[in-house]
Amino acid sequence: MKNIAIISDIHGNLPALKVVLEDIKQRNIDQIYCLGDLVDFAPWHNEVIELINALEIPCLMGNHDERIAFDHEVIPLPKHNPEERAARLNGINYTKQSIKPENKAFLKTLPERFLLNFTISGKETKVLLVHGSTRSNDEYIYENHDLTDVQSMLTQEKADIIIMGHTHKPYVRYIEATTESTAGTLINSGSVGRSREDNPLATYLILHISDKNITPEIVKLQYPINEVIHAIKASEIPDFYAKFLKKDLIV
């Protein structure tokens, strides 16, 4: 049995990352991979990058990592209201202004994908890791994404399993075979530091890999969310992101 942990979308939330890493440490985990988005919206982007780097965790380049690494313009998103657009701009600019040069340089080195190969029941099984989708680190693939497009991605990539982050909403979706496409699985590992679920827990994925199958397990953990909320309020990051973490808390 081999066990692989996959984390994603930490977004500067060091307390959540530490809780997840401690949980991983208590389990029989052989390797950790990170799908990216180390930065923005909580004040520990430098510490998160340095910890991922120090632990030599292979990491992909998320869309936020790319924006900070290459100083891309912050383009407003139509889905956001004026309050969130302003908060997003200010939050990202805070990261741009406060990231250490060596950490910005590290973000520039991150790859777009990892391909893992395993032998399951005598057959080569390909597991593709990306941040957003197989096409872009900024494309959202939700659980109800168009089936034909999902089948096309699996077929084009010749992948048996595609694992993503970016949406901050975990799921496991099994795709049945058709006459034109093979069976496959889509998995979202969720978000360590900025869950978009109703109960925002630190979330990550474990793949349990045996000779006969690969079994996904989504793990959700409590973390000291009040510590993060108060740290955001004490920083130059907009209070919007403190309220986002726990909407029922008066901050």
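From a predicted model like this one, the values you see are computed outputs, not experimental measurements.

A. Highlighting the overall build of the chain. Along the backbone of the chain there are eight helices and nine strands. Overall, the C-alpha framework of the chain stretches about 55 × 40 × 35 Å when taken along its three principal axes. Per-residue burial over the chain gives 55% buried out of 251 residues. Pairs at least 24 residues apart make up 69% of the contacts formed inside the chain by residues separated by at least 6 positions. The distance from the centre of the 27 positive side-chain charges to the centre of the 35 negative ones in the chain is 1 Å.

B. Representation of the sheet that holds strand β4 (residues 123–129) in the model. Reading across from one edge, β3-β4-β5-β7-β6 is the order of the five strands in this open sheet, with mixed pairing throughout. Strands with a single pairing partner mark the edges of an open sheet, and in this sheet they are β3 (114–120) and β6 (171–175). Neighbouring strand axes in the sheet, compared pairwise and without regard to direction, differ in orientation by 15° on average. In this sheet, strand β7 (residues 184–188) lies alongside β6 in antiparallel orientation, the contact comprising five bridges. Within β7, the residue paired with Tyr-171 across the bridge is Asn-188. Sitting on the sheet, helix α6 (residues 147–157) is in contact with β4, β5 (161–164), β6 and β7, with an inclination near 80° to β6.

C. Inspection of the pairing of strand β1 (residues 2–7) at higher detail. Of all six residues in β1, five are buried; the element is thus mostly enclosed. Pairing of β1 with strand β8 (residues 202–209), which is carried by five bridges, proceeds in the antiparallel orientation. Bridged to Ile-4 within β8 is Leu-207. Pairing geometry for β1 and strand β2 (residues 31–34), over four bridges, is parallel. Bridged to Ala-5 within β2 is Ile-32.

D. Spatial organisation of the sheet that holds β8. If you walk across this open sheet you meet the four strands as β2-β1-β8-β9, and the pairing is mixed. Bordering the open sheet on either side are β2 and β9 (214–221), each of which pairs with just one other strand. Looking at each pair of strands side by side, their axes are set apart by 25° on average, direction ignored. Sheet strands in contact with helix α1 (residues 14–25) are β1, β2, β8 and β9, and its direction is about 25° off that of β8.

Cut-offs applied
Residues numbered from 1 in each chain as written. Predicted model: local features only at pLDDT ≥ 70, side-chain atom pairs only at ≥ 80, totals over all residues. Heavy atoms only, no water. Helix = DSSP H or I, 4+ residues; strand = E, 2+ residues; numbered from the N terminus. Buried < 20%, exposed > 50% of the residue type's maximum accessible area, 1.4 Å probe, protein only. Contact = heavy atoms within 4.5 Å. Lys, Arg positive; Asp, Glu negative; His and termini not counted. Charge placed at Lys NZ, Arg CZ, Asp CG, Glu CD. Pairing = 2+ DSSP bridges. Axes fitted to C-alpha atoms, helices over the stretch in contact; angles between N-to-C directions.

It is worth stressing that arrangement in space is one thing and function is another; only the former is reported here.
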